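# Tertiary structure, described
Letter by letter, the chains look like this.
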Amino acid sequence: MKKYSTYKTAFLVLLASLSACKKLDLAPTNKFTDSNFWTTTEKADAVLNTAYSQMFSNDYFFYNEGASDNAYNGRGDNQGAASLAAGTYDPSLGRIKQEWGFHYSGIKTCNIFLENVDRVTAMDATLKARMKAEARFIRAFHYFMLETWWGDVPLFDKDISIDQSKSIARTPKAQVVDFVLKELDAATTDLPVNTAYKDADRGRITKGAAIALKARVLLYESRWQEVATTCEKLMNDNSNGTYSLFPSYEGLFLPQNEYNSEVIFDLEFVPDVRTYSNFFDMAPLAVGARLNALAPTQELVDSYLMENGKKITDTGSGYDENNPYVNRDPRLTNTVVYNGYKWKKPDNSVQVIYTKPGDDPGATKPDEYAPGKVSSPTAYYTRKYYDPSSAVNFQSALNLILIRYADVLLMYAEAKNELGQLDAGVWDKTIKALRTRAGFTDAPALNFAAGSQTDLREIVRNERRVELAMEGLRVFDIRRWHTAETVLNGWAHGAKYGPASVDNGYIRANLRTFDKGKNYLWPIPRDERAVDPNLTQNPGW
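Residues numbered from 1 in each chain as written. Predicted model: local features only at pLDDT ≥ 70, side-chain atom pairs only at ≥ 80, totals over all residues. Heavy atoms only, no water.

Going by the annotation in an unreviewed UniProt entry, the name recorded for the chain is Starch-binding associating with outer membrane, with Mucilaginibacter gossypiicola given as the source organism. Among the UniProt annotations of the chain, the heading Subcellular location (unreviewed entry) holds the following wording: "Cell outer membrane". Within the UniProt record for the chain, the comment given under Sequence similarities (unreviewed entry) is "Belongs to the SusD family." (UniProt positions renumbered as here; feature names shortened; annotations may be inferred.)

### Things to note about helix α17 (residues 431-438)
Within α17 the residues assigned to the buried category are I431, L434, R435, R437 and A438. Buried residues in α17, looked at end-on, bunch into an arc of 160 degrees, giving them a common side. Elements that come into contact with the buried residues of α17 comprise α14 (331-335), β8 (400-404), α15 (405-418), α16 (424-429), α18 (443-446) and α19 (453-467). Positive backbone phi, approximately 120 degrees, marks G439, located one or two places after α17. (Buried < 20%, exposed > 50% of the residue type's maximum accessible area, 1.4 Å probe, protein only. Helix = DSSP H or I, 4+ residues; strand = E, 2+ residues; numbered from the N terminus. Arc of directions from axis to C-beta. Contact = heavy atoms within 4.5 Å.)

### A word on the pattern of salt bridges
Pairing between side chains becomes possible if they bear opposite charge and their charged atoms approach one another. This model, assessed by the stated rule, comprises 39 salt bridges. Linking K132 and D118 is a salt bridge whose minimum nitrogen-to-oxygen distance equals 2.9 Å. With K132 in helix α8 (residues 125-150) and D118 in the loop between α7 (94-116) and α8, this pair connects stretches of sequence that are 14 residues apart. K132 sits in the partly exposed class, given a relative accessible area of 24%. One continuous salt-bridge network, built from bridges that share partners, spans E262, D329, R331, K384, R404, R435, R437, E463, E467 and E471. (Salt bridge = Lys/Arg side-chain N within 4 Å of Asp/Glu carboxyl O.)

### Regarding the nonpolar core
Counting 147 residues, the largest nonpolar core has F62, F113, F137 and Y143 as the members making the most contacts within it. In terms of residue count, α8 provides more of this core than any other element does, 13 residues in total. Counting residues in each nonpolar core, the second largest holds five residues, with I478, A484, F514 and Y520 among its members. (Core = buried A, V, L, I, M, F, W, Y, C linked by side-chain atoms within 4.5 Å.)

### Some points on helix α10 (residues 173-190)
Compared with the 26 Å implied by 1.5 Å per residue over 18 residues, the 27 Å span of α10 between its first and last C-alpha is a close match. If you check which residues of α10 are buried, you get V176, V177, F179, V180, L181, E183, L184, A187 and T188. Against the buried residues of α10 lie α8 and α11 (207-220). (Expected span 1.5 Å × (residues − 1).)

### Things to note about the UniProt feature "domain: RagB/SusD" (unreviewed entry) in the chain
The positions that UniProt labels "domain: RagB/SusD" (unreviewed entry) are, in the present scheme, residues 263-541. With 27% helix and 12% strand, residues 263-541 has its two end C-alpha atoms placed 39 Å apart.

### As for the pairing of β8
Counted residue by residue, β8 has five buried out of five residues, so it is predominantly covered. Summarising the sheet, strand β2 (residues 263-267) and β8 pair through four bridges and their orientation is antiparallel. Bridge pairing in β8 places L267 opposite L400. (Pairing = 2+ DSSP bridges.)

### Considering the environment of K344
Residue placement: K344 occurs in strand β5 (residues 341-344). Taking the relative accessible area as the measure of exposure, K344 reaches 44% and is therefore partly exposed. Note: C-alpha distance between K344 and E65 (279 residues apart in sequence) is 24 Å. Not counting chain neighbours up to four residues away, the residues in contact with K344 comprise E250, S349, R383 and Y386.

### Examining the packing of aromatic side chains
Evaluated as defined, the whole model comprises 35 aromatic pairs. Taken together, a centroid distance of 5.2 Å and an interplanar angle of 80 degrees make the contact between F61 and F62 edge-to-face. As far as the burial class goes, F61 and F62 line up, both buried. Above the plane of the ring of W541 lies K518, whose end atom (NZ or CZ) is 4.2 Å from the centre. (Phe/Tyr/Trp six-rings, centres within 6.5 Å; stacked < 30°, edge-to-face > 60°. Lys NZ or Arg CZ within 6 Å of the ring centre and 35° of its normal.)

### Notes on the side chain of K416
Along the chain, the position of K416 falls in helix α15. The buried charged residue K416 lacks any salt bridge partner; its closest oppositely charged side chain belongs to E232, at an N-O distance of 4.4 Å. Not counting residues up to four positions away in its chain, the partners in contact with K416 are A228, E232, Q421, L422 and V426. (Lys, Arg positive; Asp, Glu negative; His and termini not counted.)

This is the structure:
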C-alpha cells in the first residue's frame, strides 16, 4: 500500500498561495521570503514539496500522446492536443499559454527556495545540500521543457521582480541547454542513490534521476557520444543507483509494483489526496468510462511487430488483415484495447470489448464504432496505466513514470547506432533485453541481424515507439527526429471499419497538417508578448 509520506502530502500546505501564479509576473514573493517563515526544516521542506507538486501534470503526460501520431484527442481539445496534432493552433492556444506559465511558476518556487533555504540555520548540512540539489533538478527540468517546446526562452536563476518580468528577453536555446546540463551535474553530486532513501522518502529525486535526465537532454540535442557515456553510468556502475528491467511489462504499470527496479523517476500521487481520472475518458465504455477523449491510432497499432520479429508488411510475416491482433508483439495487448479484447477486471473476471460494428451480442453495444458516438473514434482504447484499484470514475493514485530504465537502454541503443557502433553486444543489452522482457521467444525477433545504419535506425526508433507508447514521449521523438512533417501530415486512421472505398476501409479519424517551417517550435504565447515587448516571436508565427 502506498505510504502517506511527508513528501507526498506537504505540498498542500502552500498550494493555495501558488494557485494564483501566472506568467512571469507571479504572485508577490513575501509569502515565502519573510524572515519569520524560514525558521525550520519543516517549513523549507514544505516549499520544496510545493516545487515537486508543480513539476509535471498527469494531463500533459497522457494528452501529449494526442499531439503525436500515436493517439487522437477526438472530443474537445484537451491540453490543446487536437489543435497541436492537426496544426490548427496559433499563439493564443490555451495549452501554449498554460504550459509557459506552468513552468515559470515552478521555476519561481525553486528560485525562492534556493535563495532562502540558507536562512534555516539549524538544518542538517547534508540534508540541506540534498534539498538544494532536488530544487536544482526540478528547475532544470522546467527549463528543459521550455527550451524543448520554444527554443529560446528567458533564463534566470534568481527570483525576478514583476517589473523585470515585463522586460526580460529570450536567452538563446544553446545557453539554456548548457545551464540545464550544468545544473544536473551539480545536483548529481549531492543527490543520494535510489537505494539510500527510506521508504517514507520514496519518489524523491535521486542521483540516477539526474543522470537519466541529463541523457535525455543530450538525446534531444543529438550529442550521441555524450548520450552513450551518460547512459553507461547507469548501465555499468551501481554507484549511481541500482536499476534493472522489471520482469513483467504488464506488471510494470500496476499499483502493486510501484517503485520497482525500473523506475528512475515518477510523478507521485496519493489516494484521496492527489489523484487523477484520465481513464474515465480513455477506457472502454463497457467497463465504466463515460466517453472516449484519447484513442490510439491505427498507425500505432501497425507499428507493433509480429512475434517472429517481422513488420506486418514484410513478406512471410504471417500477418492477416482480417485477424490483425494475433501473433503480435505482446506489448500491443498490454497497451491498446481492440475488438475482442479480454479486459481484466478488478474481481478477476473478464469483460470482452467489442469495437467492430455488429460484433457485440449485447443490446447497448457501447464500444462499437460509429461516427458521432461517444465511443472511440478509432475503435481503439487504452489499457496501459489502467489502475484496477481505482475508485469511482477511475480516480487513481497510481504513479506515472517519467523516466524508466527501459528508456536509458533505448537512448543508449540509439546513440550507439548514430555513432555506427550498434553491434551484437549493444543489441543484446538493449533491444534483445527489452523484447525478451516483453515476451518474444522467436529467435529472429531476438537475435541481432546486421544491417545498414539506416535499417538499424528504423528498428531502434520503432522499438522506442512501441516500448514507450502512451507514455507521453512520442511527440518529442518525432520533433527531434524531424519526422513530424511526415507523420503529422495526412489522415490519422482507426481500425478497418470504415467505407471500403476510402483508405482500404481504415477509418479516417483526423486530418493533420504540420508546417516544417514553423511547427517544430511553439509560438511564444500572445498574452506574454503583450506584457513583455522584449519577447521576440518564433519564425513563421
